[in-house]
Amino acid sequence: MIISRLLLFVLSLFLLSPSYLGAECLKGDCQNGQGVFSYFGGMKYTGQFKNGKANGQGIKTYSDGTKYIGQFKDGKFSGQGKKTFPDGAVYEGEFKKGRFFNKGTYSMADGTIYVGEFSYGQFSGKGTYTFPSGAKYEGSFMNDKFTGQGTMTYKDGSTYTGNWVNNAPSGQGKAKKADGSSYEGSWWNGKFDGRGVLTKANGKKEEGFWKEGKLTRKEKTSKEKKQSLGGSGWKY
């Protein structure tokens, strides 16, 4: 019984040894210095070490083609760096504990580009998101989505400026189309919703309360109200 337990203990040490797991120092000083370390799964780190962990400037590559070049702290991406992904996406900027953090630029293979603030890997704060079509959103982000105050400018010149929630105009805002028509008022989930004024390209206005993009209760426009009061409005 004692011998079998001893053999089991020795075997467990062997199985957990770095060389068996494919993790080993290939070159240099992988404790406190410059070296090359190979990890289980095909990862490889080349750079500076401190107390056996990646610390300082270095390069880390993965078996799927992912590559990081930049600063490390306690084995994690931390500081300025550049990370390239297999699908062609590239992030360049600041990292914290392995994630995109603070200011950076994220470019996708299809031409989409985000430049702005990040929080633990997500678009969060102020930024600019440019679509492949040329449309551009500038404003606030939260959890990778347009949320807060922002302006969307479309390829044809149409714009929306106002509040956003989860990528859709929601709250108070103003939209203006390339043909000159506009809507100013309350929105919800990308549609006129609440009190607002629609001005058509010919100058005619529809003012009142809207629900899911449709006028449900019409009110007199400011001009109509003025005319009903005698043409020039109240007189004192």
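## Side note on the overall build of the protein chain
Here is step 1 of the chain: Each helix and strand in the protein chain was counted, giving 2 helices and 18 strands.
Here is step 2 of the chain: The buried share of the protein chain, taken over its 236 residues, is 30%.
Here is step 3 of the chain: A separation of at least 24 residues holds for 2% of the contacts in the protein chain among residues at least 6 apart in sequence.
Here is step 4 of the chain: Of the accessible surface of the protein chain, which amounts to about 14,900 Å², a share of 55% is contributed by carbon and sulfur atoms.

## Here's the deal with the pattern of salt bridges
Here is step 1 of the chain: In total, this model carries 3 salt bridges according to the counting rule given.
Here is step 2 of the chain: Arg195 serves as the salt-bridge partner of Glu207, at 3.0 Å between the closest nitrogen and oxygen. In this pair, Glu207 sits in strand S17 (residues 205–211) while Arg195 sits in strand S16 (residues 191–199), placing the two residues 12 residues apart along the sequence.
Here is step 3 of the chain: What makes Glu207 buried here is its relative accessible area of 6%.
Here is step 4 of the chain: Put simply, Glu219 and Arg195 hold a salt bridge, and the shortest N to O gap is 2.7 Å. Separated by 24 residues along the polypeptide, Glu219 in strand S18 (residues 214–219) and Arg195 in strand S16 bring together distant segments of the chain.
Here is step 5 of the chain: Accessibility expressed as a relative area gives 22% for Glu219, which makes it partly exposed.
Here is step 6 of the chain: One network of salt bridges, in which partners are shared, links Arg195, Glu207 and Glu219.

## Here we look at the nonpolar core
Here is step 1 of the chain: The biggest cluster of nonpolar side chains holds 30 residues, and the ones touching the most others in it are Tyr106, Phe118, Phe123, Tyr129, Tyr137, Phe141 and Phe146.
Here is step 2 of the chain: In this structure, Phe118 is in contact with Tyr91, Phe100, Phe101, Asn102, Lys103, Gly104, Thr105, Tyr106, Phe123 and Ser124, ignoring residues within four places of it in sequence.

## Details of the confidence of the model for the protein chain
Here is step 1 of the chain: The predicted model of the protein chain averages 87 in pLDDT, with 83% of residues at 70 or higher.
Here is step 2 of the chain: Taken together, the stretch residues 1–20 has pLDDT below 50 and engages in 5 contacts with residues farther than four places along the chain or on a different chain.

## A few points about unusual backbone geometry
Here is step 1 of the chain: Positive phi values are uncommon outside glycine, yet Asn51 reaches one of about 55 degrees.
Here is step 2 of the chain: Counting through the fold element by element, Asn51 comes out in the loop between strand S3 (44–50) and strand S4 (53–61).
Here is step 3 of the chain: We note that Asn166 has phi near 50 degrees; this positive angle belongs to a residue other than glycine.

## A closer look at the packing of aromatic side chains
Here is step 1 of the chain: This structure, assessed with the given rule, holds 39 aromatic pairs.
Here is step 2 of the chain: Their ring planes at 90 degrees and their centres at 5.1 Å tell us that Tyr114 and Phe118 sit as a pair that is edge-to-face.
Here is step 3 of the chain: Its relative accessible area of 0% is what places Tyr114 among the buried residues.
Here is step 4 of the chain: Ring geometry for Tyr137 and Trp164: centres 5.2 Å apart, planes at 80 degrees, overall edge-to-face. Remark: Trp164 occurs in strand S13 (residues 159–165) and Tyr137 occurs in strand S11 (residues 136–142); sequence separation between them is 27 residues.
Here is step 5 of the chain: The class for Trp164 is buried, based on a relative accessible area of 2%.
Here is step 6 of the chain: A cation sits over an aromatic face here: Lys60 above Tyr39, 5.0 Å from the ring centre.

## Describing the pairing of S16
Here is step 1 of the chain: With 6 bridges connecting them, strand S15 (residues 182–188) and S16 associate as antiparallel partners. Within the sheet, the bridge partner assigned to Glu184 lies in S16 and is Val197.
Here is step 2 of the chain: The hairpin formed by S15 and S16 contains 2 residues between the paired strands, and Asn189 there has a positive phi angle of roughly 55 degrees.
Here is step 3 of the chain: Sheet topology note: the S16/S17 ladder contains 6 bridges and is antiparallel. Directly across from Gly196, in S17, lies its bridge partner Gly208.
Here is step 4 of the chain: Where S16 folds back on S17, the antiparallel hairpin that results is connected by 5 residues, among which Gly203 adopts a positive phi of roughly 95 degrees.

The rules behind these values
Residues numbered from 1 in each chain as written. Predicted model: local features only at pLDDT ≥ 70, side-chain atom pairs only at ≥ 80, totals over all residues. Heavy atoms only, no water. Helix = DSSP H or I, 4+ residues; strand = E, 2+ residues; numbered from the N terminus. Buried < 20%, exposed > 50% of the residue type's maximum accessible area, 1.4 Å probe, protein only. Contact = heavy atoms within 4.5 Å. Areas by Shrake-Rupley, 256 points an atom, 1.4 Å probe, with all protein chains shown as cover. Salt bridge = Lys/Arg side-chain N within 4 Å of Asp/Glu carboxyl O. Core = buried A, V, L, I, M, F, W, Y, C linked by side-chain atoms within 4.5 Å. pLDDT = per-residue confidence, 0-100. Phe/Tyr/Trp six-rings, centres within 6.5 Å; stacked < 30°, edge-to-face > 60°. Lys NZ or Arg CZ within 6 Å of the ring centre and 35° of its normal. Pairing = 2+ DSSP bridges.

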